[in-house]
Each structure stands twice: as structure tokens, then as C-alpha cells.
Amino acid sequence: MKQILRVVLVTGVFLTGCVSTSTFDGKQAELAACQKQAKSDLDACNSARSELDTKLAAANQELGVFRQAAEARQSKLDALQNQEKQLRERLSKELTDKNVEIEQLRGQLSVRMLDKIVFKSGSADILPQGAEVLDKLADAIKDSTDTIRVEGHTDDTPISDKLKVKYPSNWELSAARASAVARYFETKHFINPKRLESLGFSMYHPVAPNDSDENKQRNRRVEIVLKPVAELEPAKEPAAAAPAPTTPAAPATKP
């Protein structure tokens, strides 16, 4: 009986050892698989991080370029604003005539002169007192780089029959007055004509309703608008031409 019991105990210990060894081997295999998967995941993360670092470096470089461009534009804008401020102050001191108004709107400086101090009624001939005002204005703006746009404006009163031979409508009169001022700047003050523009707006851009003599007088005017020279945009590369469609070969015919 004792021998049988001893055999049973030995057999139990042997079987327990076999189960423990099998479980250990399984756990070892699971651990190895986990380590392999972790290494694979880590390699993928490192690869993704390297790619993100490359993109971030490129983005920072591009941001630096944009920042430099923005700073350059701001510096140029500040210089232009300072130049316009000085010009406005100079014009305000020299053009003290109550019939001359100086206005700044949307980044453009405008000098508005009533036609009665520049032209005779129904005429595009510049008066002596008008020439004095234009001389002061020309001296102040001739050394700037701005484009000088001369605008002619009228009220809504139709051209008289007597003047229709020379100026059929307010279009022709406003354009003639603008051209006369632009020509005066070019021939008297030698302002580069490439900087000059002359436009006639007739009665269609009033500054006041044409409902009184006073308002009509305000609408009959010449405006000198100073426009900062716009920067040219870089030319765009032409788009690549699409490949010509290929014509399918004709099927062979049997003889």
C-alpha cells in the first residue's frame, strides 16, 4: 500500500512539473510576440515622427519667408504713410485757399479744387489764379513716386447751345479740363507723363446732390488723386499643355 501511495505521489509531482513547464513556455512565447510587436510599433512611430519633423522644418522655413515678406511690406507701408503724412502737411500749409480741399481715402491722397479758381465758366483754359494753385501742388508732388490721376467733374447742368460746338456734353468738358491740368504738369513742371492720368467723369460722380447752386458749385471741380505705385505681381508660369489625344489605329482589313 505504501509503495502504491509513493508511486501516485511521484506521478503527481511529475505531471505538475510538466504543466508548469508548458505554461512557462507559452508565456515566454507571448512575451516574445509582444516584444516583437512593440518594436514594430516603435519603429513605425519613429518613422512617423521623423516625417513630421521634416514637414515641421519645411513649414517653419516657409513661415520665416512669409514673415520676412510681411515685415518688408509693413516697412514699406510705414514709409509710404510717413511720406503721405509729410506731403499732406506740406499741402495743408501751401494750399490755404478755402476752395481747395485735401482728403485721404482708402490709402489715396486727393486734392479737390473747385473749377471757378482753375477755369473760366464753360472753358478748359487755366486761369492765372488756378495756375498758382497748380504750381504749389506740382512743387509738392513732382518728386514723389505716386501716380498722379487728374479727374474732371461737372454738375448736371447741360452744356449750352453756344458751347456745344466745342463741348457737345459734360463728358467732353470734364475730359478737356483734366487733360489741360495733366498737360500743364508735364509742360510747365516736367513731371514724367508716365506718372500722369487724365479722366473725365462728367456729372456722374458728384460729392453733393445737384439741388442747389452751392452744391452744384462743389460738384464742378478738378481732383488730383495721388495713387501709390502698385507692386507688380510675379508672372505666373504657363500651365503645362495637356497631351494630345491619341488616335486609335484603324483595324486591319482582311484582303
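Shown above is the structure to which this text applies.
Parameters at a glance
- Residues numbered from 1 in each chain as written.
- Predicted model: local features only at pLDDT ≥ 70, side-chain atom pairs only at ≥ 80, totals over all residues.
- Heavy atoms only, no water.
- Salt bridge = Lys/Arg side-chain N within 4 Å of Asp/Glu carboxyl O.
- Helix = DSSP H or I, 4+ residues; strand = E, 2+ residues; numbered from the N terminus.
- Buried < 20%, exposed > 50% of the residue type's maximum accessible area, 1.4 Å probe, protein only.
- Expected span 1.5 Å × (residues − 1).
- Core = buried A, V, L, I, M, F, W, Y, C linked by side-chain atoms within 4.5 Å.
- Contact = heavy atoms within 4.5 Å.
- Pairing = 2+ DSSP bridges.
- Axes fitted to C-alpha atoms, helices over the stretch in contact; angles between N-to-C directions.
- Parallel < 35°, antiparallel > 145°, perpendicular 65-115°, else oblique.
- Left-handed = near helix turned anticlockwise from the far one by under 90°.
- Nonpolar A, V, L, I, M, F, W, Y, C, P; charged D, E, K, R; others polar.

A. Spatial organisation of the pattern of salt bridges. By the definition in use, this model includes 15 salt bridges. Here E223 ties to R112 by a salt bridge, and the two come within 3.1 Å at their closest N and O atoms. Taken as a pair, E223 in strand β5 (residues 221-227) and R112 in strand β2 (residues 108-114) lie far apart in primary sequence, 111 residues in all. The pair formed by E223 and R112 is uniform in burial state, with each residue classed as buried. Taking the shortest distance from any N to any O, the salt bridge between D161 and K164 comes out at 3.8 Å. Accessibility expressed as a relative area gives 64% for D161, which makes it exposed. Among the charged side chains, a network of salt bridges with common partners joins E101, E103, R112, R221 and E223.

B. Expanded view of helix α3 (residues 170-189). Compared with an ideal rise of 1.5 Å per residue, which puts 20 residues at 28 Å, α3 spans 28 Å between its outermost C-alpha atoms and is within 8% of the ideal. Within α3, the full set of buried residues consists of N170, L173, S174, R177, A178, A180, V181, A182, Y184, F185 and H189. Just downstream of α3 lies F190, where phi reads positive at about 55 degrees.

C. Structural detail: the nonpolar core. Ranked by internal contacts, the top residues of the largest apolar core, which has 31 residues, are L91, M113, F185 and I224. Mapped by element, the contributors of at least two residues to this core are α1 (2-94), β1 (100-105), β2, α2 (128-141), β3 (147-153), α3 and β5. For this core, the leading source of residues is α2, giving seven residues. In contact with I224, not counting residues within four places along its chain, are L109, S110, V111, M113, L137, I148, R149, V150, V181 and F185.

D. Up close: the sheet that holds β5. Reading across from one edge, β1-β2-β5-β3-β4 is the order of the five strands in this open sheet, with mixed pairing throughout. Of all the strands in the sheet, just β1 and β4 (196-200) have a single pairing partner and so form its edges. Between one strand axis and the next, the sheet turns by 20 degrees as a mean value, whatever way the strands run. Two strands pair when backbone bridges link them, and β3 and β5 are joined in this way by seven bridges, in the antiparallel orientation.

E. Structural view of the packing of α2 against α3. It is the contact of α2 with α3, at a shortest axis distance of 11 Å, that shows an interaxial angle of 65 degrees. Comparing the axis directions of α2 and α3 gives the class roughly perpendicular. In this structure, α2 meets α3 at a crossing whose hand is right-handed. Contacts between α2 and α3 involve A131, L134, D135, L137, A138 and D139 from the former and V181, Y184, F185, K188 and H189 from the latter. Classifying every residue of the contact of α2 with α3 by side-chain character gives seven nonpolar, one polar and three charged.

F. Expanded view of unusual backbone geometry. Phi is positive for F190, which is not a glycine, with a value near 55 degrees. By the secondary structure assignment, F190 is in the loop between α3 and β4. At S202, a position not held by glycine, the phi torsion is positive, near 55 degrees. You can see S202 is positioned in the loop between β4 and α4 (213-219). For S202, a relative accessible area of 3% corresponds to the buried category.

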